[in-house]
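# Structural description and commentary
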Amino acid sequence: MSNTDILRSSEADLLPPGFIQHYVFAIEVDGYKGEAEVDGYHPSSREAIEICQSESMGESPKPGQKRKLASDVLKLVLLKQLGMISRGRVFVTSPAMYTWCQQSGSWLNAARRHYCIDIILKAHSRKVMRKKVRNALLRARKEMR
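Summary of the structure given here.

Reading guide: rules and limits
Residues numbered from 1 in each chain as written. Predicted model: local features only at pLDDT ≥ 70, side-chain atom pairs only at ≥ 80, totals over all residues. Heavy atoms only, no water. Helix = DSSP H or I, 4+ residues; strand = E, 2+ residues; numbered from the N terminus. Buried < 20%, exposed > 50% of the residue type's maximum accessible area, 1.4 Å probe, protein only. Areas by Shrake-Rupley, 256 points an atom, 1.4 Å probe, with all protein chains shown as cover. Pairing = 2+ DSSP bridges. Axes fitted to C-alpha atoms, helices over the stretch in contact; angles between N-to-C directions. Contact = heavy atoms within 4.5 Å. Patch = residues over 30% accessible without salt bridge, like charges linked within 9 Å, V, L, I, M, F, W, Y side chains within 5 Å. Salt bridge = Lys/Arg side-chain N within 4 Å of Asp/Glu carboxyl O. Parallel < 35°, antiparallel > 145°, perpendicular 65-115°, else oblique. Left-handed = near helix turned anticlockwise from the far one by under 90°. Nonpolar A, V, L, I, M, F, W, Y, C, P; charged D, E, K, R; others polar. Polar contact = N/O pair within 3.5 Å; in protein donor to acceptor, adjacent residues only side chain to side chain.

## A word on the overall build of the protein
In terms of regular secondary structure, the protein is built from five helices and five strands. Counting from the amino terminus, the protein carries its helices and strands in the arrangement α-β-β-β-α-β-α-α-β-α. Put simply, the protein has 145 residues, and 40% of those count as buried. For the protein, the exposed area adds up to about 8400 Å²; of that, 53% sits on carbon and sulfur atoms.

This is the structure:
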C-alpha cells in the first residue's frame, strides 16, 4: 500500500458518522468547469470536512504543511461562497499545526474566521492507525529529499 493510500484510508477513522468519504463537487465559475474533492461530506447538513494529517516535530509547522492547510481552507471558502456547502471544518492531527493556525495576525486565520471555517484538533482513535500514518508521513518526507 502506498503512502497516499494509507493516508486516504486513515481519513475514515477521523470522519464523524454519516459522512461520505472523498465526495466530489462539480463546480462552474464564469464558464470554467472543474471538480473539487473534499475528504468528507454530509448530504443532510451540507457540511464538508477537509483533513490535514501532519506530524510536526517542532514548534511550528513546515511551509508545505502550512500550504496544505491554506489550500484546504480556501477550497472550503470557495464551496461555501458557491452555496454548495453550509459549513466547513478542517481536522488537523498535529498539535503544533492547531496552535499555529489559531494565532492572530495571519491572513489565513482572518479568512477562515470570516467564512466560519473551524479548525479542530483530531487524533486517530486507534494506536495502530496513528503509527501507520506517522510512518507513511515519514516515508513520504524521505522520498521528497
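Still more to cover.
## So, the sheet that holds strand E5 (residues 117-121)
With respect to topology, five strands assemble into an open sheet ordered E1-E2-E3-E4-E5, the strand pairing being mixed. Pairing within the sheet leaves two strands with one partner each, and these edge strands are strand E1 (20-29) and E5. Averaged over all neighbouring strand pairs, the angle between strand axes comes to 40°, with direction disregarded. Contacting strand E3 (47-52), strand E4 (87-92) and E5, helix H3 (residues 95-102) runs over the sheet at an angle of about 150° to E5.

## Here we look at a nonpolar patch on the surface
Among the surface-exposed residues, Val29, Leu78 and Leu82 lie close enough to one another that they form a single nonpolar patch of about 190 Å² accessible area. Position of valine 29 relative to the elements: it lies in strand E1.

## Looking at the packing of helix H2 (residues 63-81) against helix H4 (residues 107-114)
Close contact between H2 and H4 brings their axes to 10 Å; oriented N to C, the two are set at 25°. When the axes of H2 and H4 are compared, the pair comes out roughly parallel. Between H2 and H4 the crossing geometry is left-handed. Between H2 and H4, the residues in contact are Leu69, Ala70, Val73 and Leu74 and Trp107, Leu108 and Arg112, respectively. Across the contact of H2 with H4, the residue classes tally to six nonpolar, no polar and one charged.

## Observations concerning the pattern of salt bridges
When the charged atoms of two side chains lie near each other, side chains of opposite charge can form a pair. Applying the stated criterion to the full structure yields five salt bridges. Across the salt bridge formed by glutamate 47 and arginine 87, the nearest N and O atoms sit 3.8 Å from each other. In this pair, glutamate 47 sits in strand E3 while arginine 87 sits in strand E4, placing the two residues 40 residues apart along the sequence. Exposure remark for arginine 87: the relative accessible area of 34% places this residue in the partly exposed category. Across the salt bridge formed by lysine 75 and glutamate 50, the nearest N and O atoms sit 3.3 Å from each other. With lysine 75 in helix H2 and glutamate 50 in strand E3, the pair connects residues that are 25 residues apart, well separated along the chain. With relative accessibility at 24%, the residue lysine 75 sits in the partly exposed group. Relative accessible area serves as the criterion here: at 2%, glutamate 50 is assigned to the buried category.

## Regarding the side chain of serine 94
Residue position: serine 94 is located in the loop between E4 and H3. Serine 94 sits in the buried class, given a relative accessible area of 2%. There is a polar contact of 3.3 Å between the side chain of serine 94 and the backbone nitrogen of alanine 96.

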